[in-house]
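Take a look at the letters that make up each chain.
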Amino acid sequence: MSTTPPAIPIILDCDPGHDDAIALLLTLASPEVELLGVTTVHGNQTLEKTTANALRVLDLVERGDVSVAAGADRPLVRDLTVASHVHGESGLDGPTLPPAGRAALDEHAVDYMERTIAASAVPVTLVPTGPLTNIALLLERTGGANVERIVLMGGAIAEGNMTPAAEFNIWADPEAAQVVFSAPIATTMIGLDVTHRAVTTPALQERLAATGPVGAFVADLVAFFAVYHRETYGWDGAPIHDAVAVAHVIRPGLVTTVDRNVEVELGSELCRGRTVVDLWRRTGGLPNADVGVDLDDVGFFELLVERIGRLP
Ligand code: RIB
Ligand code: CA
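Source: prediction; values computed, not measured.

Enquirer: Could you give an account of the packing of aromatic side chains, naming the residues involved and the relevant values?
Expert: Going through the model one piece at a time under the given rule, you end up with two aromatic pairs. The ring of tryptophan 171 carries the charged tip of arginine 272 above its face, separated from the ring centre by 3.7 Å.

Enquirer: Can you break down the coordination of the calcium ion (ligand 2) residue by residue, with the values?
Expert: Expected angles at a metal are 109.5 degrees for tetrahedral coordination by four donors and either 90 or 180 degrees for octahedral coordination by six donors. Around the calcium ion (ligand 2), the protein supplies Asp15 (OD), Asp20 (OD), Asp20 (OD), Thr129 (O) and Asp242 (OD) as donor atoms, at distances of 2.2 to 2.6 Å. Motif for the calcium ion (ligand 2), donor spacing along one chain: D-x4-D-x108-T-x112-D. Of the two residues, threonine 129 is situated in the loop between β4 (124-128) and α5 (133-142) and aspartate 242 in helix α11 (residues 241-250); the sequence distance between them amounts to 113 residues.

Enquirer: Provide a residue-level description of the environment of glutamate 175, including the pertinent values.
Expert: With respect to the helices and strands, glutamate 175 occurs in helix α7 (residues 174-182). For the pair glutamate 175 and glycine 273, spaced 98 residues apart in sequence, the C-alpha to C-alpha distance is 8.2 Å. Discounting chain neighbours no more than four positions away, the residues touching glutamate 175 are Leu76, Val77, Arg78 and Leu266. There is a polar contact of 2.9 Å between the side chain of glutamate 175 and the side chain of arginine 78.

Enquirer: Tell me about the site of ligand 1, and please be specific about residues and values.
Expert: Taken together, Asp15, Asp19, Asp20, Asn44, Thr129, Met153, Asn161, Glu167, Phe168, Asn169, His241 and Asp242 make up the full set of residues near ligand 1. The separation between an oxygen atom of ligand 1 and a polar side-chain atom of asparagine 44 is 3.0 Å. Measuring from an oxygen atom of ligand 1, one finds a side-chain N or O atom of aspartate 242 at 2.6 Å. A total of 270 Å² of accessible area belongs to ligand 1 in isolation, and the protein chains cover 97% of it.

Enquirer: Describe the pattern of salt bridges, with residues and values.
Expert: The final tally for this structure, using the stated rule, is 15 salt bridges. A salt bridge links glutamate 269 to arginine 78, with the shortest nitrogen-to-oxygen separation between them at 3.8 Å. Taken together, the residues glutamate 269 in the loop between β8 (262-264) and β9 (275-277) and arginine 78 in the loop between β3 (68-70) and α3 (84-87) connect sequence positions 191 residues apart. Taking relative accessible area as the criterion, glutamate 269 reaches 55% and is therefore assigned exposed. Taking the shortest distance from any N to any O, the salt bridge between aspartate 236 and arginine 230 comes out at 3.2 Å. Taken together, the salt bridges that share partners define one network made up of Glu32, Glu306, Arg307 and Arg310.

Enquirer: I'd like a rundown of helix α12 (residues 297-308), residues and numbers included.
Expert: The first and last C-alpha atoms of α12 sit 16 Å apart over 12 residues, in line with the 16 Å expected at 1.5 Å per residue. Listed as buried for α12 are Gly299, Phe300, Phe301, Leu303, Leu304, Val305, Arg307 and Ile308. Of the surrounding elements, those touching the buried residues of α12 are α1 (18-28), α9 (202-209), α10 (213-233), α11 and β10 (289-295). One side-chain oxygen of the residue at the start of α12 lies 3.4 Å from the amide nitrogen of valine 298, identifying that residue as aspartate 296.

Enquirer: Can you explain the sheet that holds β4? Please cite residues and give values.
Expert: The sheet built from eight strands is open, its strands ordered β3-β2-β1-β4-β5-β6-β10-β7 with mixed pairing. If you trace the sheet from one side to the other, it starts and ends with β3 and β7 (255-260), each paired once. Shown here is a sheet whose adjacent strand axes are inclined to one another by a mean of 25 degrees, direction ignored. Two elements, β4 and strand β5 (residues 147-153), share three bridges in a ladder whose sense is parallel. The partner of threonine 125 across the bridge, within β5, is arginine 149. Strand contacts of α11: β1 (8-14), β2 (33-40), β4, β5, β6 (187-190), β7 and β10, with the helix running at about 150 degrees to β5, the strand carrying the most contacts.

Enquirer: Explain the packing of α9 against α10 residue by residue, including any values.
Expert: The description of two helices packed together rests on the angle between their axes and the distance between the axes. At their nearest, the axes of α9 and α10 sit 7 Å apart, and the two run at 150 degrees to each other. Classified by the angle their axes make, α9 and α10 are roughly antiparallel. Contact with α9, carried on its side by Gln205, Leu208 and Ala209, involves Gly215, Ala216, Val218, Ala219, Val222 and Ala223 of α10 and no other residues of that element. Residues of the contact of α9 with α10, tallied by class, amount to seven nonpolar, two polar and no charged.

Conventions adopted
Residues numbered from 1 in each chain as written. Chains lettered and ligands numbered in written order. Predicted model: local features only at pLDDT ≥ 70, side-chain atom pairs only at ≥ 80, totals over all residues. Heavy atoms only, no water. Phe/Tyr/Trp six-rings, centres within 6.5 Å; stacked < 30°, edge-to-face > 60°. Lys NZ or Arg CZ within 6 Å of the ring centre and 35° of its normal. Donors = N, O, S within 2.8 Å, 3.2 Å for Na, K, Ca; no water. Helix = DSSP H or I, 4+ residues; strand = E, 2+ residues; numbered from the N terminus. Contact = heavy atoms within 4.5 Å. Polar contact = N/O pair within 3.5 Å; in protein donor to acceptor, adjacent residues only side chain to side chain. Near = heavy atom within 4 Å. Areas by Shrake-Rupley, 256 points an atom, 1.4 Å probe, with all protein chains shown as cover. Salt bridge = Lys/Arg side-chain N within 4 Å of Asp/Glu carboxyl O. Buried < 20%, exposed > 50% of the residue type's maximum accessible area, 1.4 Å probe, protein only. Expected span 1.5 Å × (residues − 1). Pairing = 2+ DSSP bridges. Axes fitted to C-alpha atoms, helices over the stretch in contact; angles between N-to-C directions. Parallel < 35°, antiparallel > 145°, perpendicular 65-115°, else oblique. Nonpolar A, V, L, I, M, F, W, Y, C, P; charged D, E, K, R; others polar.

That's the geometry; what it means functionally is another story.
Rendered as C-alpha cells:
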C-alpha cells in the first residue's frame, strides 16, 4: 500500500507579479506542500504593491488564513528598480481584482521567517520568486538554521532578460544573490533556461479559463503578461517563471538539474547580476547549486491546469 509522504513545509517569498500570483495559486492547490506563509519583497513593483497583490490573490481564493509579511522595500545596496514595463503600474495589471480586504502582519518578513522556521518541527523549504533581499537578510541573521533547501526562480545559464547578461531577480539585488549562492544551504536555481520553456499558448489559456473562475483569472493574468513577451520575443504567450519553481518542489522530475558552481557578477555594470554557471566545470569551482537545464513542459502545464482547476 503506497503511503502519502507528509506535506513539505514551505515559505513563498515573492514579488507579485503575474507569475508569482500563479505560483501562489499553484501552491495553495497542491497538497504536496504546506504553505506556512507568504513573504513579500520589492521587485516587479514596490513593496507596498507586491504586498497588496499577495493579499488580493489570497482574498480571491478565500485564504485569509495565510499570513503575509512584508519585507525589504529596496535591495541591499543597489537602487530600487521595479518592472512596471512588464507587470504594469499595479504589478498585477490586467484582470480586475478588488483591493486587499486585510493588511499584512505588523512584522517584518525576515522576523516572520526566522520565527516561523524556528517553530517548524520539519526543516522548511524556502521558495523565493523575486529578488533575494529577504532571503539574504535571513541567512545573514540565522545562517539558515532549520532551512531544508532554497528553490529559487532566478538567474540564467545563457541570456538574461533584464539585460543581455542578467535575469531580473538576480540583477535587481546581485549582492543578495551572492549571499544566497555562497551560503552552505542546498540551493536549486530555476533559471530562464528552464522557465523560457514554460511559455503558455492560446490553447492553454482556453484550458485554464475552462477550469472555473480562478482559471479564468489566471488566463487573464497570462493575457496581460503575454503583451510584454509578444513585443519582446514575438511569443504568443508568457513564461510562467515562478510556478516552475513551485512545481519543482511539488513534482520532482519535471525539472532536470545538474550540480554546478554558480557565481554572481557584482563588479561589472554591463554584466551586473549575471549568474556565471560553470556548466562544463572549467573553473574547478565547487558545486553550490543544482541548476535547472531542462523542463518537461507538457507535464508542467498538465499539473498547472489540473491544480488551478481544484481552486474554488
Ligand atoms: O525574470 C523573471 C522573474 O522576474 C520572475 O520572478 C518575475 O516575476 C520577475 O520577478
Ligand atoms: Ca517574481
